[in-house]
Amino acid sequence: VPKNPAIDALHREAAERRDVIGLAGGLPASELLPKEAMAEALAAAAQTDDALQYGWPEGAARLRGWIAGRLGARGLAVDPDAVIVTAGAQQALSLIAAFLPSGSTIGVGDATYPAAIAAFEAAGLEPTATRDAAAHYLVTGVSNPRGVAIDSTAALASGRPVIADEAYAELRFDGEVPAPLAADAADRVWHVGTASKVLSPGLRVGWLIPPAHAREAILQSKEAADLQTGSLAQAALVRLLDGLDYDETVARARRFYAERAGILVEALERHLPDARFTAPEGGFSVWVELEEPGDDVALLEAAVAQGVSFDPGSMFRPPADRARAPLAFRLSFSASGPEDLVEGSRRLARVLDRRRPGVRIPA
Ligand code: PMP
């Protein structure tokens, strides 16, 4: 199933227009991108052969060492040589998807990260909400789109392969980052992480720790895809991390996003009292569900006309459920300032109000 072109066109229009408050996309806040430090790290890296040369497909040893060290501190003992640096977590998902038997099912729950669904479908897998799937995909610690920890017990107990995507795990507002799932079942948990959410998505650096039996096959398909993750990005990241208190960087990001989340939640409670949502425990977004079914693309169109955008819920549904799932949408608080979060909620309330004449939503 290709990306819905109508949603794509609306998102592009919304991003172009200065009068539209963008609550779609789930981008990190520009204020938190380490621009100065990155400029220095890139400039210094560019003076070295390593950064400008080809490297091995598994990635730079020092970066793999840093990743293994962070995971070790969280209870996952991992050899740096087990780590594969990928072009973002997204490439890790594509590589795993291509490894799993084509035609088999993958359990993704009733809503999950859209580009994971796309990666699974591109590899001939069937993403499904059914629990009895041949493999499972979990966004651990902080799920996308719900923004809360999801229970991994059933997936782990299934004995099937589990993809543990930690994209937002460090960004739990309470700082209680759970131990990596691979610590419990390293022989079938595929661990996925990324530098995108805390440092920079433009860097395109993520990582994958496959079960040991799959490492060689994954390295071969990584090499066939792109030889290696960009040396310059990896070298710059290593230098950036050298000069950075990473724990403090994460702590600052948590505080920053927690504040924005609180503002959006309060605005939604006030302006959209009929909407159902859970206050996020971390990450970038709030997942909102409405009581009644409906056309979420038409809703997005109306919203963009009113000057606000969001990610329609259908993007997050397993394909078979798209038509019948309840109307939902994801609102990202990460990249909008307080005023926009409040005004965006007001505009959304107006859009929803118009759908249901007779139901008055307080202004
Ligand atoms: N997994 C999840 C759950 C995500 O939300 C994202 C980014 N939106 C990714 C993976 C991909 O991240 P990246 O490729 O930038 O590392």
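That block above? That's the structure.
Here is a short report on the structure shown in this document. (Residues numbered from 1 in each chain as written. Predicted model: local features only at pLDDT ≥ 70, side-chain atom pairs only at ≥ 80, totals over all residues. Heavy atoms only, no water.)

Quick look at empty space enclosed by the protein
Next, step 1: On inspection of all chains with the given rule, the structure shows four cavities of 30 Å³ or more.
Next, step 2: In this structure, the largest cavity occupies an estimated 180 Å³ of space.
Next, step 3: Every residue lining the largest cavity is counted, 18 residues in all, and those nearest its centre are Arg74, Glu166, Glu170, Thr194 and Trp207.
Next, step 4: Of all the secondary structure elements, the ones that give two or more residues to the lining of the largest cavity are α4 (61-73) and β7 (189-194).
Next, step 5: Here the element with the most residues in the lining of the largest cavity is α4; it accounts for four residues. (1 Å grid on protein atoms, 1.4 Å probe; cavity = no way out; pocket = protein on both sides within 12 Å on 5 of 7 lines; lining within 4 Å. Points joined across faces, edges and corners; volume = space filled by probe spheres on them. Helix = DSSP H or I, 4+ residues; strand = E, 2+ residues; numbered from the N terminus.)

A closer look at the packing of aromatic side chains
Next, step 1: This structure, assessed with the given rule, holds 10 aromatic pairs.
Next, step 2: Three or more aromatic residues joined by ring pairs form one cluster here, namely Tyr168, Phe256, Tyr257 and Phe284. (Phe/Tyr/Trp six-rings, centres within 6.5 Å; stacked < 30°, edge-to-face > 60°.)

Re the nonpolar core
Next, step 1: Ranked by size, the top nonpolar core spans 98 residues in total, and within it Ile106, Phe120, Tyr137, Ile163, Leu237, Phe329 and Leu331 carry the most contacts.
Next, step 2: Those residues within four positions of Tyr137 in sequence are excluded, and the remaining contacts are Leu93, Ile106, Gly107, Val108, Thr112, Tyr113, Ala116, Phe120, Ile163 and Asp165. (Core = buried A, V, L, I, M, F, W, Y, C linked by side-chain atoms within 4.5 Å. Buried < 20%, exposed > 50% of the residue type's maximum accessible area, 1.4 Å probe, protein only. Contact = heavy atoms within 4.5 Å.)

Here we look at the site of the ligand
Next, step 1: Around the ligand, the surrounding shell holds 14 residues, and the nearest of these are Ala89, Asp165, Thr194, Ser196 and Lys197.
Next, step 2: A distance of 3.0 Å separates an oxygen atom of the ligand from a polar side-chain atom of Tyr168.
Next, step 3: In the environment of the ligand, an oxygen atom lies 2.5 Å from a nitrogen or oxygen atom belonging to the side chain of Thr194.
Next, step 4: Across the complex, the protein chains shield 91% of the 400 Å² of accessible surface that the ligand would expose by itself. (Near = heavy atom within 4 Å. Polar contact = N/O pair within 3.5 Å; in protein donor to acceptor, adjacent residues only side chain to side chain. Areas by Shrake-Rupley, 256 points an atom, 1.4 Å probe, with all protein chains shown as cover.)

Quick notes on the pairing of β7
Next, step 1: Extensive coverage of β7 is indicated by the burial of six of its six residues.
Next, step 2: Residues Val189, His191 and Gly193 point to one face of β7 and Trp190, Val192 and Thr194 to the other, with burial holding for every one of them.
Next, step 3: Of the pairings in the sheet, the one linking strand β6 (residues 162-165) to β7 comprises four bridges and is parallel in character. Directly across from Ile163, in β7, lies its bridge partner Trp190.
Next, step 4: As paired elements, β7 and strand β8 (residues 206-209) share four bridges and run antiparallel to each other. Each bridged residue has a counterpart across the sheet, and for His191 the counterpart in β8 is Ile209. (Pairing = 2+ DSSP bridges.)

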